[in-house]
Amino acid sequence: MDPEEERAQELELLQSMYPDEMTVISPTVFTIAAHLEPPTPSNGGTLKSGNQSLLVRVEYTENYPETAPVIELSLEQEIAADDNEDGNDEKANEEPIVLDNSDLANLRDKAAQEAQDNLGFPSVFAIMSSLKDQADSILQEKQVERERERDAKIREEEEKEQAKFRGTLVDRENFFEWRRKFKAEMAALTEKDGIHEEIKRRPTGREIFEKGLDGSKNIDDEDDDESVQEGVKNVSIS
């Protein structure tokens, strides 16, 4: 079949397949916008849409489909529609996952590889399907990474909470360190208790006064008192 006729047939077929997404600029140049849906969370729920589209610009080469078409990729931000998502869904409140310029580099490589694999055949539909699958895969990988980071943060917080109720694991080194401190504390307490016992054995102020230990009564006075008492006992009344 004549290459020009093949291009015309493919263009007509693509217009029927992408009635709203395709814009024909000339018989050899057109664009197709692929809307990017949000990835699926691992445990269900709904994610906020990034309202992104992958815009694919296709230019037929003179000998297409015997040679690869020229493919250019860009990202477009769609006008956000009213969301019908449940506001109570925690995941719906997260920042949407979107493609960036670094992801476009991978998609360009994918488009070039798909075009080479289909040389000799009309390949735009195959290229579009491959790009859409690759874009969805990149978004899903980003979602998985986000969940992994979130789970790691949750585990870290849980471990911090659990650590509050866990003692220090005993090993040889910290056991001997604990024993050394324990002995030092016991020695200090023993010394303190000895001082307390010595204080307890000391006479009170009253005892000091009664026994004349304060110097108010000397030993001679005590001897005189005892002599008088002894004399009284020996006196007889006749």
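Residues numbered from 1 in each chain as written. Predicted model: local features only at pLDDT ≥ 70, side-chain atom pairs only at ≥ 80, totals over all residues. Heavy atoms only, no water.

*Asks:* Explain the side chain of Glu114 here, please?
*Replies:* Tracing the backbone shows Glu114 in helix α2 (residues 101-117). An unpaired buried charge is present at Glu114: no salt bridge exists, and Lys110, the closest side chain of opposite charge, is 5.0 Å distant. (Helix = DSSP H or I, 4+ residues; strand = E, 2+ residues; numbered from the N terminus. Buried < 20%, exposed > 50% of the residue type's maximum accessible area, 1.4 Å probe, protein only. Lys, Arg positive; Asp, Glu negative; His and termini not counted. Salt bridge = Lys/Arg side-chain N within 4 Å of Asp/Glu carboxyl O.)

*Asks:* Explanation requested: α2 in the structure shown.
*Replies:* In an α-helix, one turn spans 3.6 residues; hence positions three or four apart end up facing the same way. Compared with the 24 Å implied by 1.5 Å per residue over 17 residues, the 25 Å span of α2 between its first and last C-alpha is a close match. Within the sequence span of α2, burial applies to Asp103, Leu104, Leu107, Ala111, Glu114 and Ala115. The arc that holds every buried residue of α2, seen down its axis, measures 110°, which confines them to one face. For α2, the exposed residues set more than 90 degrees away from the buried face come down to Ser102, Asp109 and Asp117. (Expected span 1.5 Å × (residues − 1). Arc of directions from axis to C-beta.)

*Asks:* Please clarify how the sheet that holds strand β3 (residues 52-59) should be interpreted in this entry.
*Replies:* For sheets, the rule is that strands pair by backbone hydrogen bonds, running either parallel or antiparallel. A sheet is described by the order of its strands in space; here 4 strands give the open sequence β1-β2-β3-β4, paired in antiparallel fashion. Two strands bound the open sheet, and with one partner strand each, they are β1 (22-26) and β4 (70-77). Each adjacent strand pair in this sheet contributes to an overall mean axis angle of 20°, direction not counted. Pairing analysis gives 4 bridges linking β1 to strand β2 (residues 29-36), with the strands arranged antiparallel. What sits directly across from Thr23, in β2, is Thr31. Sitting on the sheet, helix α1 (residues 3-17) is in contact with β1 and β2, with an inclination near 150° to β1. Lying on the sheet, helix α3 (residues 124-163) is in contact with β2, β3 and β4; it crosses β2 at an angle near 30°. (Pairing = 2+ DSSP bridges. Axes fitted to C-alpha atoms, helices over the stretch in contact; angles between N-to-C directions. Contact = heavy atoms within 4.5 Å.)

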